[in-house]
There are 2 protein chains.
Amino acid sequence: MADEALFQFLHNELIQYVYKSAEQGEMENGRCITKLENMGFRVGQGLIERFTKDTPRFKDELDVMKFICKDFWTSVFKKQIDNLRTNHQGIYVLQDNKFRLLTQLSAGKQYLEHAPKYLAFTCGLVRGGLSNLGVKSIVTAEVSVMPACEWSFVVVGLRISTATFCKLK
Amino acid sequence: MADEALFQFLHNELIQYVYKSAEQGEMENGRCITKLENMGFRVGQGLIERFTKDTPRFKDELDVMKFICKDFWTSVFKKQIDNLRTNHQGIYVLQDNKFRLLTQLSAGKQYLEHAPKYLAFTCGLVRGGLSNLGVKSIVTAEVSVMPACEWSFVVVGLRISTATFCKLK
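As a starting point, this report considers the structure included with it. (Residues numbered from 1 in each chain as written. Chains lettered and ligands numbered in written order. Predicted model: local features only at pLDDT ≥ 70, side-chain atom pairs only at ≥ 80, totals over all residues. Heavy atoms only, no water.)

Within chain A one finds five helices and four strands. Relative to its 169 residues, chain A shows a buried fraction of 47%. The contacts in chain A between residues at least 6 apart in sequence include a share of 60% that link residues at least 24 apart. When the accessible surface of chain A is summed, it comes to about 8500 Å², and 49% of that surface belongs to carbon and sulfur atoms. (Helix = DSSP H or I, 4+ residues; strand = E, 2+ residues; numbered from the N terminus. Buried < 20%, exposed > 50% of the residue type's maximum accessible area, 1.4 Å probe, protein only. Contact = heavy atoms within 4.5 Å. Areas by Shrake-Rupley, 256 points an atom, 1.4 Å probe, with all protein chains shown as cover.)

Here is the structure:
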């Protein structure tokens, strides 16, 4: 419980600080998201090295994704991903019905616009983790209903282009 | 192990970001330290509320300090404070022979000047925690030898003035 809270509070401070320093320097929202995403990327890179220190080599991409859904997610967010779907061609949709960094937010629809800043760091976190496991990816997050804290993201392997990804999505 | 790493990596990113944004805005070192300290303060305030939710009321200041040394420190840094000294008049010296946020730094003397930025957040963390337990304090940190990662800090109750504090120190 304690560690959970520590990460959560620190994460909140980080977001606040990034957005506050953006106000002063007249940085736009998009750049804040990028900054948070980059920080997540570096943290993810570091974390995955620790996590996989004693893990046997992964068989394939799906194996990597399962590791992310179970071990990685449990370590960071204290719960597993609720649902993993894939088209077996490089697209993975992961669903977390109660994403921990969103559960602190009020359920109202008016806060939906604030969700992206609470997802950016994690997008980077997963992208960084995957990157150090040899899976280059584009990670996006979506929140449809806040109370249920549902969110999903898509990971794309190197072999399909961004255009295909957009079409498929 | 995982949580430890997460906090550590996130803490490092925070420091890097604060110092990077300071460079752009020509903010001096002192203000960066203050910013980190303030973030720690708010995190500490939040944390202590969670930690003490089911704890019986503290008897006195020393009791509070013991809680900080044991429970609080273990939750955040995975180890207890190694040594607690007090003059029973509001000064407490806590010693951690292997402070976790410093153990990642190289042991050389040339890195000693970088130590303060790795201590600022924790200074705030403890000050915030104590503040929400009703103990107003001034928290400072000192590193004498980096390899041993020795550090100590002094907490001053409301009843003695800053002048007395400086004299006693």
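What follows deals with the relation of the copies chain A and chain B. Under the fitted operation, chain A is carried onto chain B by 0.0 Å of movement along the axis and a turn of 180 degrees, and the coordinates agree to an RMSD of 0.0 Å. Within this description, the copies of the chain are treated as partners about a two-fold rotation axis. Of all interface residues in chain A, 100% are interface residues in chain B too; the two copies therefore contact each other through one and the same surface. (Least-squares fit on C-alpha atoms with pLDDT ≥ 70 in both.)

On to the packing of helix H2 (residues 29-51) of chain A against helix H4 (residues 115-132) of chain A. Residues and elements named next belong to chain A. Viewed as axis vectors pointing N to C, H2 and H4 meet at an angle of 40 degrees, and their least axial separation amounts to 6 Å. When the interaxial angle is binned, H2 and H4 end up oblique. Like other packed secondary-structure pairs, H2 and H4 cross with a definite hand, here right-handed. Here the contact of H2 with H4 is built from residues that sort into twelve nonpolar, nine polar and four charged. (Axes fitted to C-alpha atoms, helices over the stretch in contact; angles between N-to-C directions. Parallel < 35°, antiparallel > 145°, perpendicular 65-115°, else oblique. Left-handed = near helix turned anticlockwise from the far one by under 90°. Nonpolar A, V, L, I, M, F, W, Y, C, P; charged D, E, K, R; others polar.)

This paragraph deals with the packing of aromatic side chains. Residues and elements named next belong to chain A. The final tally for this structure, using the stated rule, is 15 aromatic pairs over all chains. Aromatic rings pair up to connect Phe7, Trp73, Phe77, Phe99 and Phe121 into one cluster. Residue placement shows Lys117 over the ring face of Tyr19; its charged tip is 4.6 Å from the ring centre. (Phe/Tyr/Trp six-rings, centres within 6.5 Å; stacked < 30°, edge-to-face > 60°. Lys NZ or Arg CZ within 6 Å of the ring centre and 35° of its normal.)

Looking now at the layout of surface pockets. Quantified by volume, the second largest pocket comes out at close to 220 Å³. Considering the residues around the second largest pocket, the lining is formed by Gln8(A), Phe9(A), Asn12(A), Ile15(A), Gln16(A), Tyr19(A), Leu101(A), Gln104(A), Leu105(A), Lys117(A), Tyr118(A) and Arg50(B). Elements with a minimum of two residues in the lining of the second largest pocket: helix H1 (2-25) and H4 of chain A. In terms of residues, the lining of the second largest pocket owes the most to one element, H1(A), which gives six residues. Across the lining of the second largest pocket, the residue classes tally to six nonpolar, four polar and two charged. (1 Å grid on protein atoms, 1.4 Å probe; cavity = no way out; pocket = protein on both sides within 12 Å on 5 of 7 lines; lining within 4 Å. Points joined across faces, edges and corners; volume = space filled by probe spheres on them.)

The interface of chain A with chain B comprises 29 residues on the first partner and 29 residues on the second. A combined buried area of about 2900 Å² lies between chain A and chain B, and 70% of that area is made up of carbon and sulfur atoms. When the buried area of chain A at its contact with chain B is split by residue, Leu10(A), Tyr17(A) and Arg50(A) rank highest and sum to 25% of it. The interface formed by chain A and chain B contains two salt bridges. Arg42(B) is the partner of Glu13(A) in a salt bridge, and the nearest nitrogen-oxygen pair spans 2.8 Å. Run the count over chain A and chain B and you get four residue pairs in polar contact (both at pLDDT 80 or more). Residue assignment for the side of chain A that touches chain B shows that the elements contributing at least two residues are H1, H2 and helix H3 (61-77) of chain A. Taken together, the residues that form the side of chain A that touches chain B break down as 17 nonpolar, six polar and six charged. (Buried area = accessible area lost by both parts, 1.4 Å probe. Salt bridge = Lys/Arg side-chain N within 4 Å of Asp/Glu carboxyl O. Polar contact = N/O pair within 3.5 Å; in protein donor to acceptor, adjacent residues only side chain to side chain.)

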